[in-house]
Amino acid sequence: MKQRSRLPFGADFALPMSSPPNTTDTPVLPAEPETEESRSPSLRGLVVPVLLSVSVLGLVLYFTWEPDTLGQMARGLNAGLLWLAFGTVGVRILLGGSRLRYISHGTISLVGGMRGAIAWDFMSAVTPSAVGGAPLAAYFVAKDNRIPVGEATAIMLFSMLMDQIWFAVSIPLILISSAFIDVFPPALGIAGTGTLTAYFIVMMLWACFFAYATVIRPQILESVATWIVRRKWLRRFEGRVRRELVELRKRAAVLRGQPPTFFIAGFFWSAGIWLTRYCTLLLIVLSVYPLLDSFTFLVRTGAMMLTAMAVPTPGGSGGIEGLYVLFLAPLIPKAIVGPTLLTWRLMAYHFFIAVGFIMTALAVKRRFANRNGGGSNGVEATPPTTPPHA
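What counts, and where the lines are drawn
Residues numbered from 1 in each chain as written. Predicted model: local features only at pLDDT ≥ 70, side-chain atom pairs only at ≥ 80, totals over all residues. Heavy atoms only, no water. Helix = DSSP H or I, 4+ residues; strand = E, 2+ residues; numbered from the N terminus. Buried < 20%, exposed > 50% of the residue type's maximum accessible area, 1.4 Å probe, protein only. Contact = heavy atoms within 4.5 Å. Areas by Shrake-Rupley, 256 points an atom, 1.4 Å probe, with all protein chains shown as cover. Axes fitted to C-alpha atoms, helices over the stretch in contact; angles between N-to-C directions. Parallel < 35°, antiparallel > 145°, perpendicular 65-115°, else oblique. Left-handed = near helix turned anticlockwise from the far one by under 90°. Nonpolar A, V, L, I, M, F, W, Y, C, P; charged D, E, K, R; others polar.

J.: A description of the overall build of the protein should follow, citing residues and the corresponding values.
T.: Broken down by element type, the protein carries 13 helices and 2 strands. Expressed as a percentage of its 390 residues, the buried residues of the protein come to 48%. Of all intrachain contacts in the protein linking residues separated by at least 6 positions in sequence, the fraction that spans at least 24 positions is 76%. Split by element, the accessible area of the protein, about 18600 Å² in all, is 69% carbon and sulfur.

J.: Please provide a residue-by-residue account of the environment of Ser98, values included.
T.: Examined against the element boundaries, Ser98 turns out to sit in helix H3 (residues 79-103). For the pair Ser98 and Gly113, spaced 15 residues apart in sequence, the C-alpha to C-alpha distance is 6.5 Å. Leave out the neighbours within four places in its chain, and Ser98 touches Leu110 and Trp269.

J.: Tell me about the packing of helix H5 (residues 134-145) against helix H6 (residues 149-177), and name the residues and values.
T.: Each pair of packed helices can be described by the angle between their axes along with the distance between the axes. The geometry of H5 relative to H6 is characterised by a closest axis approach of 8 Å and an angle of 135 degrees between their N-to-C directions. In terms of orientation, H5 and H6 fall into the oblique class. Viewed along their axes, H5 and H6 form a crossing whose handedness is right-handed. The segment H5 lies against H6, with Ala134, Ala137, Ala138, Tyr139, Val141, Ala142 and Lys143 engaging Val149, Ala152, Thr153, Met156 and Met160. Its residues assigned to classes, the contact of H5 with H6 comprises 10 nonpolar, 1 polar and 1 charged.

Spelled out as structure tokens, the structure:
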């Protein structure tokens with residue numbers, strides 16, 4: 001007997017009443033219950049990254065400040081380019097919302113997708129770069145758009161997959177560019193350049209592996225994850241991991257059923273989002289330094305953001321400010337290093353923390369109001385059909 005299960009991308013997929021068989025002899029263990037509060041960032045999770053970012057920003061400003069810096073910048077400021085830089089932040093949110101709407105085949109509205117894009121950036125800002133904010137953002141998207149959490153997770157999984165493909169494409173372009181321009185700062189030296197090159201190659205290979213294992217052979221991820229959680233100190237996560245692997249297999253089946261044009265369009269949405277990230281910083285610097293070598297700056301910006309993903313702090317806070325000094329400061333006058341860095345982080349990082357915090361706080365407050373009112377003030381979201389984390 002089969003039931004029809006509503007899955008992402010506007011498709012129906014027949015699922016068996018029982019879960020697919022395990023790839024190992026170990027039974028699926030029950031996952032630990034989660035509360036809504038456990039999926040929300042803690043106050044400490046918000047304060048720590050902000051303090052790290054502000055502290056490093058203060059140090060950069062202290063060591064690069066020169067007399068009459070603000071006066072020189074004010075006299076040469078191109079206000080139009082600065083406003084355009086802020087406009088690219090809005091375009092980035094619009095593209096993020098459009099991508100979620102496209103992937104969901106309209107199940108998520110454009111406005112709902114934009115809220116989801118802000119939530120994703122917010123969650124990413126308060127979680128380590130290697131982890132990302134997609135799992136928490138998926139829960140927000142589900143509740144905000146009243147869709148099953150499993151469906152929202154699958155949509156976020158596809159978005160992450162497209163980001164990985166963007167990395168796999170952009171890394172070779174960056175490495176090829178290094179043959180013609182100075183992509184790697186001279187301060188890195190031969191050893192540092194070699195290490196960073198190796199890191200980029202490993203990251204590219206991982207992106208290709210992630211795409212292959214997610215869409216074509218999810219059994220590979222199942223085997224690796226099962227082996228990892230059998231370690232004694234990780235065994236308590238075994239139940240949750242195994243349940244997620246079952247869901248991953250279902251989502252992989254849905255992804256395999258999509259036409260090539262769907263993947264191509266998804267890639268271009270993701271490329272647009274990442275290019276607007278780069279352009280925000282480029283326009284900020286151009287607004288005060290029109291003599292900038294824009295191409296070298298853009299390529300180094302891409303290399304810097306890829307490197308920042310190895311920073312273990314939430315959102316790369318503290319580390320990315322240091323990488324800005326390493327990668328981009330040599331291309332601009334010393335006097336504008338601190339002010340441009342401050343402007344960029346306010347636009348591209350602290351802005352999303354502030355807006356995301358307000359938005360998610362209001363959403364949680366609304367949820368509790370609906371619960372306490374017995375659902376009279378709104379319709380409860382569709383009960384989750386899958387575990388909340390991707």
